[in-house]
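One letter stands for each residue in the lines below.
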Amino acid sequence: MTGRQTSSSGPADPRFFNRSGPFEAQVLADAAEASLLPPREGALSATGYTGIAPLQVAGPQEVSFLDNRRYAPLLEETKAGLVIVAPAFADKVPPHCAALVSSKPYLAWSRVARLFHPKKPVKPGIHPSACIDATAKVDATCEIGPFVVVEAGAEIGAGCIIGSHAVVGQGVQIGQDCRIGNHVTVSHAVLGERVIILPGARIGQDGFGFAVGPNGFESVPQLGRVVLEHDVEIGANTTIDRGSVNDTVIGAGSRLDNLVQIGHNARLGRCCIVVSQAGISGSTVLEDFVTVAAQAGLIGHIRIGAKARIGAQCGVMSDVESGADVIGSPAMPFREFFRNVAVLRKLAKKASGSAEGGSGKQ
Amino acid sequence: MTGRQTSSSGPADPRFFNRSGPFEAQVLADAAEASLLPPREGALSATGYTGIAPLQVAGPQEVSFLDNRRYAPLLEETKAGLVIVAPAFADKVPPHCAALVSSKPYLAWSRVARLFHPKKPVKPGIHPSACIDATAKVDATCEIGPFVVVEAGAEIGAGCIIGSHAVVGQGVQIGQDCRIGNHVTVSHAVLGERVIILPGARIGQDGFGFAVGPNGFESVPQLGRVVLEHDVEIGANTTIDRGSVNDTVIGAGSRLDNLVQIGHNARLGRCCIVVSQAGISGSTVLEDFVTVAAQAGLIGHIRIGAKARIGAQCGVMSDVESGADVIGSPAMPFREFFRNVAVLRKLAKKASGSAEGGSGKQ
Amino acid sequence: MTGRQTSSSGPADPRFFNRSGPFEAQVLADAAEASLLPPREGALSATGYTGIAPLQVAGPQEVSFLDNRRYAPLLEETKAGLVIVAPAFADKVPPHCAALVSSKPYLAWSRVARLFHPKKPVKPGIHPSACIDATAKVDATCEIGPFVVVEAGAEIGAGCIIGSHAVVGQGVQIGQDCRIGNHVTVSHAVLGERVIILPGARIGQDGFGFAVGPNGFESVPQLGRVVLEHDVEIGANTTIDRGSVNDTVIGAGSRLDNLVQIGHNARLGRCCIVVSQAGISGSTVLEDFVTVAAQAGLIGHIRIGAKARIGAQCGVMSDVESGADVIGSPAMPFREFFRNVAVLRKLAKKASGSAEGGSGKQ
């Protein structure tokens, strides 16, 4: 592969991203709601800052940031002209370098980066290849991509972007300012505002429900819906089955990563986080602010209390209390899990030591 | 989000589901093959029952059911006019309420729900945007959606629905009355009758086979097929690779949930169940009626005996006997797994207790 | 299902695969770079060999192979005319049967199979339904399927096949001889040569990055790219998020199976293998020749040394040394993991034995 392709020339390749600026330091500080510390040696850039870059590659006209303690050594060597840091790292900023100090440096970074690279604006219009049913209502301010299908009775609010090949099923309601990715399927669903669905997610298909009949399994009608409340984000190729009798609900502000599975009738509260490849079985309830880490699995018909955190690969077979941290399969408190691991290692080492020592007492 | 959207007005939102009825109690009893018990106080509805609803929200003209013992308290408080229950719960039905008593209440419920909400009928016709090869044979009774591709030599039997954007590859055979979801890809495959594939599933692509050559990996030709026998159901975004030399086979009546992976040359028997995010590696054989729970993983080239049950997140590295229940990673009998968990907890508690007690003997 | 469908008439159903031949034994030996041993009884086929088949079903004019020690008993009973084997099995070949002996029998098999069943050639041309932006550059030798979308500024090199419904996003670069499967989404990405992407994979969407703002989560702009170097293969429905600041990179020759998740900024070296349903979190680095088995999960911001092997369902929470073999959750050396399993089983059996024996000392 050619050098052009593998060598990273910094973020925001202009083939893919819009670019704005330059911006003066104070403008960036205001956007970030951060305190501006001028460089201890030299001065702020008179012509402003032109873009963002990682600590390793940023130059004197660029803004960088420290988001993870483990990369702190890079801070001292950076050639960036301006860095965003937490207060604890303010005195580690090199002398030539200005700082934006924020108690929420990641949020500050996010806003500065967005200033330099604003989102693609909506381009209202329906691509001529799209297939929109005559009874569907698509707001005139929407951008509808090629080969989109919008079925009978569906309604799409103002300012939405519907990516190419997406299918908006019969009767589906989509609130304003949503982003429906390429190849997404949405059926039997009601979406709030500002909902984002990444490519290939499947929303609203039949849940996994069947009864044993005289000639094999018989599908049980799945008569509920999927409700995605305001500001929900759904990852690529994630699947959310519609409810069987009740609805499957993803609460406002919740974020699901890629390849997540949500079973029928599950209900997630507000601002839950579900990381990639995790699965939540049918009728399970997550209260607000629950975090489910990657590849964790939750059995059906249980309740996870508010702010509980489910660790990666955790297997949850029963209710979890509010605020609890669990991990392991079956799930147990973090502390207990790591104690068990340590104790077993010690016991195994001892057993193996005596075995190797030839005690013969096995 | 507005109240209209989040408040569940009961199942079967008319924007998404057909509706039939009302039905008299005896009609429902016949459909359910259940015994009708009139209410102990009052009478059956003279005008029949209008729909279904969960126990909590059902009214006097609606039918509800108790499907899970843990929801039994809701039965005693329900305002439903008619409930479907197992014999063990018949005397828990409130006095104002009629009952349909069935030894298979879930099956009975399924049939009653289907009566009120019949499936969307097939609307024969090929959407003008579909791209059908001149050599493909599509029965005139099929419903072919927008942007469907049917390649050369493919054959689609009577009464099928092919959802928008689905791709039916060269030479693929699809039996009658199948439902192929939106965005499904099917290639190198032979499907029986009444096969259902949910949106985004990938059937028949190259298996993961390669040999180490002098300049890196070399793909091994994957020359088998995928065979989905009668009445198979495949979940959303599930992937089934075609065989390398033999076929990958999913036996009649088997049901796979969402995001399942089936490796090349795997063979599932009749009426197997594979729950979401489980994976079955290449050349592994499942005999009939095997259940694989969510997120379980089976190594390649092993055999799982009939009626065996593989627990959630189980890691199966060797053959499993017929009828066995296994769980854990590596897999072991259920009883052994939970005994191990209990013993380790006890040992760890003891070790930690003595450590905290300052025995110093660590 | 009818017998025609389930009965496997050997591999390479002509409805799905091209066929070439017959080939004389020496031609096959040359392709396989293997030594030809004539049969001990009888002679090589004068008219050559017509195809390939598994040991159980191959006939006297067909070629078979032994790829897995566990199938060795089938070798002695095969009716194949020619078999490909490793040197260790050469004297197990039945007397009527010629052999191609190779120290890399799987590679030899691969090449013989490819000789009989050559790949579908590229048919240059753009399907009239495809939607190609006027500013995109598509080489005239490419085959572009129905309903493909190629956005502004994208470039597709010579000899590529872009499957139906694939979306090649704005500015994406695709090197020559790539194969982009049906329904694939590629955005914000740069692909080398001979890259293969199976159906439904999602390349280049937003990573899972957000900061906690005053009104809930705020998305952090994801300003990196995805780089797929030469000869990379990506499985069906796999998801690879683009970088946030740096690029997400899949090194040359690496192969990812189906339903794999790669988080933003992850970097895989050359010839890594990631098996189905495994997940690699953001900013984690894999050096060259790392193998990650099925359903394994790697936390973010760690480094896996060259040639390390991560076992199935392994949960990796910290760096792994080059060449190490780890398994378990949390990850530990293979040997330690299985020792722990054995010791715990023994302890549990003892504890349970004494409990059942009624010692009363619990």
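Labelled according to an unreviewed UniProt entry, chain A appears under the name UDP-3-O-acylglucosamine N-acyltransferase, originating from Acetobacter senegalensis. In its Pathway (unreviewed entry) section, the UniProt record describing chain A reads: "Bacterial outer membrane biogenesis; LPS lipid A biosynthesis." In its Catalytic activity (unreviewed entry) section, the UniProt record describing chain A reads: "a UDP-3-O-[(3R)-3-hydroxyacyl]-alpha-D-glucosamine + a (3R)-hydroxyacyl-[ACP] = a UDP-2-N,3-O-bis[(3R)-3-hydroxyacyl]-alpha-D-glucosamine + holo-[ACP] + H(+)".

(A) Layout of the interface of chain C and chain B. With 71 residues of chain C at the contact, the number on the chain B side is 77 residues. Approximately 5700 Å² of surface area, both sides summed, lies buried where chain C meets chain B, with 59% of it carried by carbon and sulfur atoms. At the junction of chain C with chain B, the criterion picks out three salt bridges. With its nearest N and O atoms 2.4 Å apart, the salt bridge here joins Arg111 of chain C to Glu218 of chain B. Remark: the boundary between chain C and chain B carries 29 residue pairs in polar contact (both at pLDDT 80 or more). Those elements that place two or more of their residues in the side of chain C that touches chain B are α1 (3-6), α4 (105-116), β26 (255-256), β29 (273-274) and α5 (334-356) of chain C. No other element matches α5 of chain C, which puts eleven residues into the side of chain C that touches chain B. Partitioned by chemical class, the residues of the side of chain C that touches chain B number 34 nonpolar, 23 polar and 14 charged.

(B) View of the interface of chain C and chain A. Contact with chain C, which involves 77 residues of that partner, is made by 72 residues of chain A. Between chain C and chain A the total buried area reaches about 5700 Å² when both faces are included, carbon and sulfur atoms providing 59% of it. The largest contributions to the chain C side of the interface with chain A come from Phe208, Phe217 and Leu223 of chain C, which together make up 13% of the buried area. Between the two partners, chain C and chain A, sit three salt bridges. Between Arg225 of chain C and Asp13 of chain A there is a salt bridge, with the nearest N and O atoms lying 3.0 Å from each other.

(C) Local environment of the domain arrangement of chain A. Partitioning chain A into structural domains gives domain 1 (12-116) and domain 2 (184-334). For domain 1 of chain A and domain 2 of chain A, the distance between their C-alpha centres works out to 38 Å.

About the cut-offs
- Residues numbered from 1 in each chain as written.
- Chains lettered and ligands numbered in written order.
- Predicted model: local features only at pLDDT ≥ 70, side-chain atom pairs only at ≥ 80, totals over all residues.
- Heavy atoms only, no water.
- UniProt positions renumbered as here; feature names shortened; annotations may be inferred.
- Contact = heavy atoms within 4.5 Å.
- Buried area = accessible area lost by both parts, 1.4 Å probe.
- Salt bridge = Lys/Arg side-chain N within 4 Å of Asp/Glu carboxyl O.
- Polar contact = N/O pair within 3.5 Å; in protein donor to acceptor, adjacent residues only side chain to side chain.
- Helix = DSSP H or I, 4+ residues; strand = E, 2+ residues; numbered from the N terminus.
- Nonpolar A, V, L, I, M, F, W, Y, C, P; charged D, E, K, R; others polar.
- Domains from an automatic or database assignment.

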